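# Structural overview
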2 protein chains.
Amino acid sequence: MERVDDLQLKGLKIIQNPKGFCFGIDAVLLANHVKLKPADRVVDLGTGTGIIPLLLAGKSRTCTFQGLELQEAVCNMAKRSVALNHLQERIEILQGDIKGAADLFPKSVYDVVTANPPYMHSKGLINPGDAKAVSRHEVACDLEDVVRAASLLLRTHGRFYMIHRPNRMVDIMYLMRKFSLEPKVLTMIQPKRDKAPNLLIVEGKKGAKVELKINRPLIIYEDDGTYTKETLALYHQEDLEG
Amino acid sequence: MERVDDLQLKGLKIIQNPKGFCFGIDAVLLANHVKLKPADRVVDLGTGTGIIPLLLAGKSRTCTFQGLELQEAVCNMAKRSVALNHLQERIEILQGDIKGAADLFPKSVYDVVTANPPYMHSKGLINPGDAKAVSRHEVACDLEDVVRAASLLLRTHGRFYMIHRPNRMVDIMYLMRKFSLEPKVLTMIQPKRDKAPNLLIVEGKKGAKVELKINRPLIIYEDDGTYTKETLALYHQEDLEG
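Fair warning: this is a prediction, and the values are worked out from it, not measured in the lab.

## Quick notes on the packing of aromatic side chains
As enumerated under the stated definition, the model contains seven aromatic pairs over all chains in all. When the centroid spacing of 5.4 Å and the interplanar angle of 15° are considered together, the rings of Y221 of chain B and Y227 of chain B count as stacked. Its relative accessible area of 30% is what places Y221 of chain B among the partly exposed residues. Among the residues examined, Y227 of chain B registers a relative accessible area of 33% and is labelled partly exposed. What links up through ring pairs into an aromatic cluster is the set Y221, Y227 and Y235 of chain A. The ring of Y110 of chain A has R41 of chain A sitting right over it, with the charged end atom 5.1 Å from the ring centre. Above the face of the Y174 of chain B ring, R177 of chain A is positioned so that its terminal group lies 5.5 Å from the ring centre.

Following this line, the structure appears as structure tokens:
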């Protein structure tokens, strides 16, 4: 059922179950928007198979990562991927609930929190017990739980990076301000030049002053379906540790 | 000091003072994003020389408009423009303060409220007595005053249309939700294809359910500085009354 996929980054590999939830373009986009500083302490909320800590560890030298995942089987896959890549010194995977993050981690100390949370409301969900559903729908936690947890863990001026859907943007802005994670940078992501955005990445800063910078939209594909130059440049970033 | 400009729309004209505040592309963009229905009652908050009611009257048949303007001299110009265009039956200009809008207008009855408010904070302003400054800076009213007034005047499911700067987007989303004007449609406006947005237009609906649609960005100019086809098509809309 499981397979080992090559991450095309310094020989890194990831264990995934093709019948479960495999990482997508959104995890790769999010990881490549994170700005790291030497020795940053990073938490990834809802880490799944650990794709974001793995990519960030591959693209940094001195930062350390903790990934929190609710589902036991997925969590075990993430732990085995960390061991497979000999990254136990830099990545720790914990099983637990985002709603209890403040009991699992020290508060107000982290430099960076990342999240690629479930995008969809849980209303109308057919099978909430299914692992894929928990990764995609707000069954186990909702957007407010994620933003609250990020705010609790971050130090003052710590950075929060999240990828989500544009139709949730008002919720995102409202909740981030409510929990003192002022949105500072927003990038809308369009599949093609003449399409509406289908993803957004927001960078917030705990306790920062009000002022949002909106980047020009990131266009993923050329009209012929190949990646744009800007997407390739983003993916091929070698070192995010500024 | 004053001059009469042709609006290039069904012979409509507007009186402006080139040393004061002349309407810009933002007023024209906003007007052309407004969706009207037959016999809609519309208020324009901070109407200036009346550009938005004039354009909307020219692009509709049965809707009626009221424009609220604080500054007496500007208000008088707007009134004279209405008379010059023989639109007294459809447009009324009132002098008054947005902060007192609930005393000047009936509450919870309007179908549409429009606003092209001052974009800039009043901090560091050199001459707050200057008419241009009052139009551009939050001297006389701030964003919260505008959103609160719009919410008071609109009926349930009445629509609010505002153009503003992207760096204020978090404030806009936060305040609109706070005052029950749920943002429903957002259009980011980019001067050129490869530039970051410098304007946004938001449509909110009083008491509506949560769900934001983000359009593809509107690009104003081609690389050679001519208007794009989509901008020309928008400007040349003849009838906004759907």
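Back to the text.
## What to know about helix α6 (residues 143–153) of chain A
Among the eleven residues that make up α6 of chain A, eight are buried, leaving the element largely enclosed by the rest of the structure. Along α6 of chain A, the residues that are buried comprise L143, D145, V146, V147, A149, A150, S151 and L153 of chain A.

## Concerning the relation of the copies chain A and chain B
Under the fitted operation, chain A is carried onto chain B by 0.0 Å of movement along the axis and a turn of 180°, and the coordinates agree to an RMSD of 0.0 Å. Here the transformation between the copies is reduced to the relation of a two-fold axis. Residue Y174 of chain A of chain A places its C-alpha closer to the rotation axis than any other residue of that unit, at 2.6 Å. When the interface residues of chain A are mapped onto chain B, 100% of them again lie at the interface, so the same face is used by both copies.

## Some points on the interface of chain A and chain B
Taken together, the 25 residues of chain A in the interface contact 25 residues of chain B. Here chain A meets chain B over a buried area of about 2,200 Å², counting both sides, of which 67% is carbon and sulfur. For the interface between chain A and chain B, the tally reads two salt bridges. Close ionic contact of R177 of chain A with D171 of chain B constitutes a salt bridge, the shortest N to O distance being 2.8 Å. Where chain A meets chain B, there are eight residue pairs in polar contact (both at pLDDT 80 or more). Elements that contribute at least two residues to the side of chain A that touches chain B include exactly α7 (169–178) and β8 (181–190) of chain A.

## Some words on the confidence of the model for chain A
When pLDDT is averaged along chain A, the result is 93; 96% of the residues meet or exceed 70. Both confidence scores are given for the complex: pTM 0.92, ipTM 0.88.

## Quick word on the packing of helix α6 (residues 143–153) of chain B against helix α7 (residues 169–178) of chain B
For any two helices packed against each other, the geometry comes down to the angle between their axes and how far apart the axes lie. Residues and elements named next belong to chain B. Taken N-terminus to C-terminus, the directions of α6 and α7 make an angle of 35°; their axes are 9 Å apart at the nearest point. The handedness of the crossing between α6 and α7 comes out as right-handed. Contacts between α6 and α7 involve L143, E144 and V147 on the former and, on the latter, D171, I172, L175, M176 and K178.

## Things to note about the pattern of salt bridges
Opposite charge on two side chains makes pairing possible when the charged atoms of those side chains draw close. Residue and element names in this part refer to chain B. Tallied over the full model, the rule gives 32 salt bridges over all chains. Salt-bridge contacts for E182 lead to R177; the nearest nitrogen and oxygen are separated by 2.9 Å. For the pair shown, E182 and R177 are each scored as buried. In this structure, R216 and E230 form a salt bridge, with 3.7 Å as the shortest nitrogen-oxygen distance. Of this pair, R216 sits in the loop between β10 (213–214) and β11 (218–219) while E230 sits in helix α8 (residues 229–235), and the two are 14 residues apart along the sequence.

## Section: the environment of A140 of chain B
Residue and element names in this part refer to chain B. Topologically, A140 is positioned in the loop between α5 (131–136) and α6. Residues A140 and P118 lie 22 residues apart in sequence; the distance between their C-alpha atoms is 9.3 Å. If we ignore the near neighbours within four places in the chain, the residues touching A140 are L70, D97, K99 and V134.

## Focus on the nonpolar core
Judged by nonpolar contacts, the single largest core of 68 residues is most densely connected at L45, F160 and M169 of chain A together with L45, F160 and M169 of chain B. Setting aside residues up to four positions removed in sequence, L45 of chain B forms contacts with L68, I98, V113, T114, A115, N116, V146, A149, A150 and L153 of chain B.

Each value, and the rule that gives it
Residues numbered from 1 in each chain as written. Chains lettered and ligands numbered in written order. Predicted model: local features only at pLDDT ≥ 70, side-chain atom pairs only at ≥ 80, totals over all residues. Heavy atoms only, no water. Phe/Tyr/Trp six-rings, centres within 6.5 Å; stacked < 30°, edge-to-face > 60°. Buried < 20%, exposed > 50% of the residue type's maximum accessible area, 1.4 Å probe, protein only. Lys NZ or Arg CZ within 6 Å of the ring centre and 35° of its normal. Helix = DSSP H or I, 4+ residues; strand = E, 2+ residues; numbered from the N terminus. Least-squares fit on C-alpha atoms with pLDDT ≥ 70 in both. Contact = heavy atoms within 4.5 Å. Buried area = accessible area lost by both parts, 1.4 Å probe. Salt bridge = Lys/Arg side-chain N within 4 Å of Asp/Glu carboxyl O. Polar contact = N/O pair within 3.5 Å; in protein donor to acceptor, adjacent residues only side chain to side chain. pLDDT = per-residue confidence, 0-100. Axes fitted to C-alpha atoms, helices over the stretch in contact; angles between N-to-C directions. Left-handed = near helix turned anticlockwise from the far one by under 90°. Core = buried A, V, L, I, M, F, W, Y, C linked by side-chain atoms within 4.5 Å.

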